[in-house]
Structures are given as structure tokens and as C-alpha cells.
Amino acid sequence: RDPLSDRRKALIATAFKIIDRDGSGVVEPAEIMGVYDTSKHPDVIKGTKTPDQVLAEFLETFEVGGGEKDGKVTAQEFEQYYSNVSSSIDDDDYFELMMRNAWHISGGE
């Protein structure tokens, strides 16, 4: 897989800064709860999962590359996760659109 382009790395870093509200370099579950509304998740609406279960599953998606499974997301884990996502997206413009929509990043080309 190709390494992340500078453009993609910048978008990933911008998204991480949005959720890393205290600037610690580690995102706590409470910080993600501030931007990720689990109450709108289809499984919560159907009543098959609690908001906490959905949040735990969401956080687990970032525990890649043998990192510590601690419920926290480091900038490195976040970049690794999006590096994996990026490998399946050929078009930089589409990757940018996906990141801006997912994390409510303003701007764009």
C-alpha cells in the first residue's frame, strides 16, 4: 500500500485535533462522545444495543496494529486506522470529502 500523501495526513491530523479537545494527543471516550452521537445509531434506535455498547465498538475500530486496547485513541492509532481506510480509496478528492463529512471539517476544494 502506498504511504499516505501529505494531503491525506493533513486531513487526518485535522480530524484528530477536532476530537482531541484538550490537545493531549490522546482522545478519551468522553471526548469522542462529544462529537459522535451514538443515540442516532441504527442499533440503538432499534433497541438491540445501548449507546455505551455502540461507543465501545466504535472505539475498538481504532485499536489496530497491536496497540494497547485501552478505549483511548492516540494520534498514531487514528492515523493507522485512516491509513487502512485510505488504502481502499484511490481518489484524493473523495478521501477528503469522506473525512470532511465524517468529522464535520469545514472548507474543501
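Keep in mind that this is a model prediction, so the values were computed, not measured.

Asker: Tell me about the overall build of the protein, residues and numbers included.
Answerer: Helices and strands together make up the secondary structure of the protein, namely 6 helices and 2 strands. Of the regular secondary structure in the protein, the N- to C-terminal order runs α-β-α-α-α-β-α-α. Taking 109 residues into account, the globule formula puts the C-alpha radius of gyration at 13 Å, and the protein, at 14 Å, falls close to it. Looking at the protein as a whole, 30% of its 109 residues are labelled buried.

Asker: Summarise the environment of Val 27; cite the residues concerned and give the values.
Answerer: Among the structural elements, Val 27 can be located in strand S1 (residues 26–27). When its relative accessible area of 0% is taken as the criterion, Val 27 is described as buried. In this structure Val 27 touches Phe 16, Ile 19, Asp 20, Ile 32, Gly 71, Lys 72 and Val 73, once residues within four positions along its chain are discounted.

Rules used throughout
- Every chain's residues receive numbers from 1 upward, in the order its sequence appears when written.
- Side-chain atom pairs in this predicted model are given and counted only at pLDDT of 80 or more, local residue features only at pLDDT of at least 70, and totals for whole chains, interfaces and linings cover all residues.
- For the side-chain quantities, the full set of heavy atoms in the structure was used; hydrogens and water were omitted.
- Secondary structure is summarised from DSSP: a helix means a run of H or I of at least four residues, a strand means a run of E of at least two, and numbering begins at the N terminus for each.
- Here the radius of gyration uses the C-alpha set of atoms, whereas the globule reference equals 2.2 Å times the residue count to the power 0.38.
- Each residue's exposure class comes from its accessible area (1.4 Å probe, protein chains only) as a fraction of the maximum for that residue type: buried when under 20%, exposed when over 50%, partly exposed otherwise.
- Residues are treated as being in contact if the distance between any of their heavy atoms lies within 4.5 Å.

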